[in-house]
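Below, each chain spelled out in residue letters.
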Amino acid sequence: MNDKQTVTRLLMNRDRFSDMKTDSPGQRPDALDGEVILALDRFALTVNNITYAAFGDALHYWDFFPTGVEGWGLLPVWGYADVVDSGVDGIDVGQRFFGYYPTATHLTVHPGKSGSESFRDEAPHRRELPAVYNWYQRTDENPLHDDATEPLNAIFRPLFVTAYGLADFLAQNDFFGAERVVLSSASSRTGYAVAFCIDQLKAIETIGLTSAEHRKFVDGLGLYASALTYDDLEDLEADRSTVYVDVAGNVDVQKRIHRHLGDKLVYDAALGAAHRHEPPQAPDDLPGPEPKFFFAPDWVAQRQADWGTAGFEQRIGQATVRFFDYVRGNQLIDVRQQQGLDAARDIIGEMLDGKTDPAVGHVVRLRGS
């Protein structure tokens, strides 16, 4: 592929996510002094990306990659890109970096704080945004990195940090005295990653809530003491102190949980919006504890301060290896790779329509094949 190519972007209507279009704002620029041009090669698309859109305004996800087109945004994705031009000493053409990218063929970054293994984008518009999204990790000389594991990292790594963080937060607070955890969207990768991490940190009963069509998949995960469909939610015994982990972002389910468990519900951790395309708003008359949104970047910043950056990376790395071993050993995911931004648009459309198979992982390539 010719690296001096036209930049192509997949734009999303910020008010109507199903409305997407590609555009080409011009030729790929040359790197100025202090700049690096990255060409996106491989990225994953998961329900987590839909959450970025749903919370795009509230949590400033649209602000990372400005489009210059009123009302249109670039959906953030996690993946791998190669340096195709550099005006920064120590960052060379051909190096490969894992990080946070727009749905576009190229990204210009302004590396500030850097080392041999990573750098932080100091572009002015990103300086006030959560730092966890601004770091890019070099992979081409990492002995633990290979082409075979890139799809799993692209699919799971971002959500796994959130999952591990929530589990660690709950464990740090002794699960608020609860005897069990009830988790919605139990079939989702974020959901079962949370269940896995909880199991690693504490022996506590975890119950998964899921749709009828995904019940068999959830039962087969081996991560939940039991699973209930949403229709059977009220069959849950209401006599035990419970933490609710709200991955689904379904206000109706949330309301039923609060009303069914009453004062036995000790904490409601709101994690995402897997079943909605807008941030959920808790009802004014919701009984029990007020839902608390878990914002992973704040947890990352706190734990990096507690453990140091190296200590944080070591703990996350070790936990990720254990999780990947579990995923592969139990054949939990079928990775399907497609080519081009048009394929990305189709996959996003399926996710917006709710046509997601929890056993399928979508990866898009733009440069390789």
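Scroll up for the structure.
Conventions used here
- Residues numbered from 1 in each chain as written.
- Predicted model: local features only at pLDDT ≥ 70, side-chain atom pairs only at ≥ 80, totals over all residues.
- Heavy atoms only, no water.
- 1 Å grid on protein atoms, 1.4 Å probe; cavity = no way out; pocket = protein on both sides within 12 Å on 5 of 7 lines; lining within 4 Å.
- Points joined across faces, edges and corners; volume = space filled by probe spheres on them.
- Helix = DSSP H or I, 4+ residues; strand = E, 2+ residues; numbered from the N terminus.
- Nonpolar A, V, L, I, M, F, W, Y, C, P; charged D, E, K, R; others polar.
- Buried < 20%, exposed > 50% of the residue type's maximum accessible area, 1.4 Å probe, protein only.
- Salt bridge = Lys/Arg side-chain N within 4 Å of Asp/Glu carboxyl O.
- Lys, Arg positive; Asp, Glu negative; His and termini not counted.
- Polar contact = N/O pair within 3.5 Å; in protein donor to acceptor, adjacent residues only side chain to side chain.
- Contact = heavy atoms within 4.5 Å.
- Pairing = 2+ DSSP bridges.
- Axes fitted to C-alpha atoms, helices over the stretch in contact; angles between N-to-C directions.

## Some thoughts on the layout of surface pockets
If you add up the space inside the second largest pocket, you get close to 380 Å³. Contributing elements (two or more residues each) for the lining of the second largest pocket: β1 (6-13), β2 (20-27) and β7 (106-109). Residue composition of the lining of the second largest pocket, by class: 12 nonpolar, 6 polar and 3 charged.

## Topic: the side chain of H106
Structurally, H106 is set in strand β7. For H106, a relative accessible area of 9% puts it in the buried group.

## Regarding the pattern of salt bridges
Side-chain pairing between opposite charges can occur once the charged atoms of the two side chains come close. Tallied over the entire structure, the rule returns 26 salt bridges. For D19, the salt bridge is made with R16, and the minimal N-O distance between the two is 2.9 Å. Between R96 and D82 there is a salt bridge; the shortest N-O distance is 2.9 Å. Note that R96 is positioned in strand β6 (residues 96-102) and D82 in strand β5 (residues 76-86), a separation of 14 residues in sequence. For D82, a relative accessible area of 12% corresponds to the buried category. Via salt bridges that share partners, D41, R42, D82, R96, D147, E150, R365 and R367 belong to a single interconnected network.

## Some details on the side chain of D268
Looking at where D268 falls in the secondary structure, it is placed in strand β15 (residues 265-270). Buried charged residue D268 carries no salt bridge. Nearest counter-charge: K292, at 11 Å. A polar contact is formed between the side chain of D268 and the side chain of H258, at a distance of 2.7 Å. The contact partners of D268, leaving out residues within four places of it in the chain, are Y244, D246, Q254, H258, P289, E290, P291 and K292.

## Regarding the environment of V251
Tracing the chain through its elements places V251 in helix α5 (residues 251-261). Owing to a relative accessible area of 17%, V251 belongs among the buried residues under this scheme. Each C-alpha atom, one on V251 and one on L286, is 10.0 Å from the other, the two residues being 35 residues apart in sequence.

## What about the sheet that holds β1?
Strand order in the open sheet made by the 3 strands is β2-β1-β4, with antiparallel pairing throughout. Each edge of the open sheet carries a strand with a single partner, namely β2 and β4 (72-74). Pairwise comparison of adjacent strand axes, ignoring direction, gives a mean angle of 45° for this sheet. Across 6 bridges, the pairing between β1 and β2 is antiparallel.

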